[in-house]
Amino acid sequence: MDTPNRGALMLVCFIAIAMMGFGVIDLSLHWIKGLHWVAGSLHKTPMHVSDFVFPTIFFMLGVVVLIKAHPIAEWISNKLDE
């Protein structure tokens, strides 16, 4: 694998891992936001379905991009060569 293909592969993998990390961090922040400490006791606010949808989409999209990283990197490399 030559240098442009490796660079494109590293870029695709970095973007996929960043999308997965964004999904995990966003979901965990929604969960932490639902926990409230009031006067020494823990009050839990229920999470809504909409709190799960956006982070899950980002996480699953990152997984799909990571699985298909090699063909995507070849496509990017070919587009940049044109």
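Refer to the preceding data block for the structure.
Predicted model only: the values in this text are computed from it and were never measured.

S.K.: Please explain helix H3 (residues 69-81) as it appears in this structure.
M.R.: Every α-helix winds through 3.6 residues per turn, so residues three or four apart in the chain are directed the same way. Between its terminal C-alpha atoms H3 stretches 18 Å, which fits the 18 Å expected from 13 residues at 1.5 Å a residue. Those residues of H3 lying buried are Ala69, Ala73 and Ser77. The buried residues of H3 occupy an angular sector of 65° when the element is viewed end-on, so they sit on one face.

S.K.: Teacher, can you tell me more about the environment of Ala73 here?
M.R.: Checked against the element boundaries, Ala73 lands in helix H3. For Ala73, a relative accessible area of 2% gives the class buried. Contacts of Ala73, omitting those with residues within four sequence positions, involve Asn5, Ala8, Leu9 and Val12.

S.K.: Help me out: how do you make sense of the nonpolar core in this one?
M.R.: Nonpolar side chains tend toward joint burial in soluble globular proteins. In this structure, Ala8, Val12, Ala16, Val65, Ala69 and Ala73 together form the largest nonpolar core, which totals 6 residues. Mapped by element, the contributors of at least two residues to this core are helix H1 (3-33) and H3.

S.K.: Where do I start with the side chain of Asp26 in this structure?
M.R.: Structurally, Asp26 is set in helix H1. Although buried, Asp26 forms no salt bridge, and the nearest oppositely charged side chain, Lys33, lies 8.1 Å from it. With residues near it in sequence (within four places) discarded, Asp26 still touches Phe54 and Pro55.

Rules used in this analysis
Residues numbered from 1 in each chain as written. Predicted model: local features only at pLDDT ≥ 70, side-chain atom pairs only at ≥ 80, totals over all residues. Heavy atoms only, no water. Helix = DSSP H or I, 4+ residues; strand = E, 2+ residues; numbered from the N terminus. Expected span 1.5 Å × (residues − 1). Buried < 20%, exposed > 50% of the residue type's maximum accessible area, 1.4 Å probe, protein only. Arc of directions from axis to C-beta. Contact = heavy atoms within 4.5 Å. Core = buried A, V, L, I, M, F, W, Y, C linked by side-chain atoms within 4.5 Å. Lys, Arg positive; Asp, Glu negative; His and termini not counted. Salt bridge = Lys/Arg side-chain N within 4 Å of Asp/Glu carboxyl O.

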